[in-house]
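Report on the structure
One letter stands for each residue in the lines below.
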2 protein chains.
Amino acid sequence: MTAELNDRKEQILRSVVINYIKTAEPVGSRTISRSHPGGLSSATIRNEMADLEEMGYLAQPHTSAGRIPSQRGYRYYVDDLMDLNELSEDVEEKISTSLSAGKMREIEQIIMNSTRVLSSATNQTSLIMGPQFKKSAFHQLRILPLDEKRGLVVLITDTGFIKNKVIDFQHQLSQTELQQIVSYLNQKLYGLTIDQVTTSLINELKRDLFRRLEILEQAFILLEESLKEEKQIRVFLGGTTNILNQPEFKDVDKIRRMLNLFEQEPLLFKILEDTSSEDNIVVRIGSENEFEDIKECTLITGTYRIHDKTLGTVGVLGPTRMDYGKVISVMRRLVDQLNQSLSSS
Amino acid sequence: MTAELNDRKEQILRSVVINYIKTAEPVGSRTISRSHPGGLSSATIRNEMADLEEMGYLAQPHTSAGRIPSQRGYRYYVDDLMDLNELSEDVEEKISTSLSAGKMREIEQIIMNSTRVLSSATNQTSLIMGPQFKKSAFHQLRILPLDEKRGLVVLITDTGFIKNKVIDFQHQLSQTELQQIVSYLNQKLYGLTIDQVTTSLINELKRDLFRRLEILEQAFILLEESLKEEKQIRVFLGGTTNILNQPEFKDVDKIRRMLNLFEQEPLLFKILEDTSSEDNIVVRIGSENEFEDIKECTLITGTYRIHDKTLGTVGVLGPTRMDYGKVISVMRRLVDQLNQSLSSS
DNA sequence: TTTAGCACTCTATAGTTTGGAGTGCTAAAG
DNA sequence: CTTTAGCACTCCAAACTATAGAGTGCTAAA
């Protein structure tokens, strides 16, 4: 994985990547020669660049244009050459103030703020997968009767998640019946994660069916209704218009495809879910991405946790020509802050 | 307002508008002459068109191009010439099935579905202002203790709105203390609309302060916290990418400005709020819009209500060249359905 | 009042020219 | 053996030029 290239080639590759990231223009040998004063002549650089191209790290849009990094070039850069940026005070402040646990209790609020901060700090589109509700554990279930026919189910998880849903009662229920249902459910479900509930519940149901029929029938409906909705996890987006500033998206058709993708939440979810959560930060360059629609993009993801349990994924999506150092350092900091903010609530 | 134009001119204006809406190309005299078989020659039409241009109903992108409707032309068309379309079965079905009150209790669900239906039926961007929470009346307030330090405030309005928020208790509260607070608040607030609450609450607070100090202090915080968030009303968007299909948005810069607008919820809110809710459906063509950013667009809005109380606004935003008849008839139908669905819950 | 006819205008499209940036190769210099 | 100067070559992008076609306005005849 390391150092297939000699020092000089590495320097040149690095120069090409950095330059291209900055200018979005193919980088010529003279540009590099000049930026290393007292260095090598353009002719020498040219030779090296030709080598790098043959080895697959650089590419030429056409003869007589400069070189641009290939996907492999970016990969080498990210793995071996990249420096992480210091965060600017500006960004540092935005992250720490707008995400501090202080004011906001709701997880959703925090997440939405995160998308905003992340996209504005990176000038890319940010996507954040909301907390994986179904990975959370049951903590408490309450039912508030609203009137004779309706009630409000409130579901609380160990991760501080709160969901509520209005449900209809099939038959009229007395206060004590409700009480019974609720405490029965709480007893059975306490500590289970949400995705364990559906299957285990059915088993419980079957076993206890003949004893508690009428009561459980109701309860089952309540639960099912309130859980159904939670299967889909929300993906929050920020800075979708940032792609319009990127010259690689000057084509209206590309824009359309990209924005279309952004509107399809389930797809976004799959894209984010797909990253192995082993490493903290994962960089997927170009065709390393599984999904056709983003094969010309780079996706950088990180995961955030609460009490060491992975809650969701944070991502930045942009063209392969992206400021890797900056994005990665911003994301590191953001994930840290998220972990901290969420744990303290 | 009516019939400043003779029959023939009206026919021609109508033809130009309809043609231009369909093709997005300037309409020439021959096109019209041909589409009225046995009608007038192109020369005659030309004369009339010249008149219409002088009167301000038509415009020419340049000499030797056909005519396109001016803003005034569209206005005349909408006021006097337009036919409403029958809804296609397809659309009719989408509206009635996906918005029926049956499955969905949550207002938000219904609204989000509405944006989807509206944008797909009109091929434009749809925006719907969520229910005006602060115009709803207090119905019930509950507080569920979560643990010693925290509780869940649940607020229910007469319009079936349910909002909850986790709050911290400053001091530890006993069950009975909580009970007291809640019933006191419910008693005082019942029937008030939410935007009445803040001011009247302060007065109440002051008056009762010396008697119920500790209790009310808590309660006030609870309320304030839970109300603060509700000031901002959500605007839901659908089909934002539809503008990319419109030839008037082939310019990336225009797209950027438009999409940028879509990301600024407060602005969208202002735009929607601004429509006088007297008439059911309001059409704002081009510069009739107050807001700079949409002066090249047409905004068509309608309001939906529950029990005769205006809840929110539904809008369709697109280029002035838009199928007015279709949009208006779809919106009529949608608003009807919304009123019905919301009232029945 | 309507229409045929014609000269005129303007745009969009395709084709042409040209300058410049960058390359690869060769041969000389270190 | 490595580096570099020099030069011919390639290719694109931008500017310019031609051309066809759609549409107009006006005039004079029906």
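Refer to the structure presented above.
Below is a summary of the structure that appears in this document. (Residues numbered from 1 in each chain as written. Chains lettered and ligands numbered in written order. Predicted model: local features only at pLDDT ≥ 70, side-chain atom pairs only at ≥ 80, totals over all residues. Heavy atoms only, no water.)

Counting its secondary structure elements, chain A contains 11 helices and 10 strands. Across the 345 residues of chain A, 51% fall into the buried class. Counting only contacts in chain A whose residues sit at least 6 apart along the sequence, the fraction spanning at least 24 positions is 60%. Of the accessible surface of chain A, which amounts to about 16,500 Å², a share of 46% is contributed by carbon and sulfur atoms. (Helix = DSSP H or I, 4+ residues; strand = E, 2+ residues; numbered from the N terminus. Buried < 20%, exposed > 50% of the residue type's maximum accessible area, 1.4 Å probe, protein only. Contact = heavy atoms within 4.5 Å. Areas by Shrake-Rupley, 256 points an atom, 1.4 Å probe, with all protein chains shown as cover.)

With that out of the way, let us pick up helix α1 (residues 7-23) of chain A. All names here are of chain A. Taking 1.5 Å per residue as the helical rise, α1 with its 17 residues ought to reach 24 Å, and the 24 Å between its terminal C-alpha atoms agrees with that figure. Of the residues making up α1, those classed as buried are K9, E10, I12, L13, R14, S15, V16, V17, N19, Y20 and I21. Buried-residue contacts for α1 involve α2 (29-35), α3 (42-54), β1 (58-59), β2 (68-69), α4 (71-81) and α11 (324-343). The opening residue of α1 is N6, an N-cap whose side-chain oxygen sits 3.1 Å from the backbone nitrogen of R8. (Expected span 1.5 Å × (residues − 1). Polar contact = N/O pair within 3.5 Å; in protein donor to acceptor, adjacent residues only side chain to side chain.)

With that settled, the discussion passes to the sheet that holds strand β10 (residues 309-319) of chain A. All names here are of chain A. Pairing is antiparallel across the open sheet formed by five strands, whose spatial order is β7-β3-β10-β9-β8. Each having just a single partner strand, β7 (235-238) and β8 (281-285) make up the two edges of the open sheet. Each adjacent strand pair in this sheet contributes to an overall mean axis angle of 20 degrees, direction not counted. Both strand β9 (residues 297-306) and β10 contribute to a ladder of 10 bridges, which runs antiparallel. Opposite C297, over in β10, you have P319 as the bridge partner. In the packing of α11 onto the sheet, contacts are made with β8, β9 and β10, and the angle to β9 comes to roughly 20 degrees. (Pairing = 2+ DSSP bridges. Axes fitted to C-alpha atoms, helices over the stretch in contact; angles between N-to-C directions.)

Right, let's get into the protein's contact with DNA strand D. As a matter of local geometry, DNA strand D sits amid 18 residues, with A:R8, A:T44, A:T63, A:S64 and B:S29 nearest to it. Of everything in DNA strand D that lies within 4 Å of the protein, sugar and phosphate atoms constitute 75%. Contacts to DNA strand D include A:S41, whose backbone N or O atom sits 3.0 Å from a phosphate oxygen. A:T63 has a polar side-chain atom sitting 3.4 Å from a phosphate oxygen of DNA strand D. Per element, the largest residue contribution to the surface near DNA strand D is four residues, and it comes from α3(A). Of the residues assigned to the surface near DNA strand D, the class counts are three nonpolar, 11 polar and four charged. (Near = heavy atom within 4 Å. Nonpolar A, V, L, I, M, F, W, Y, C, P; charged D, E, K, R; others polar.)

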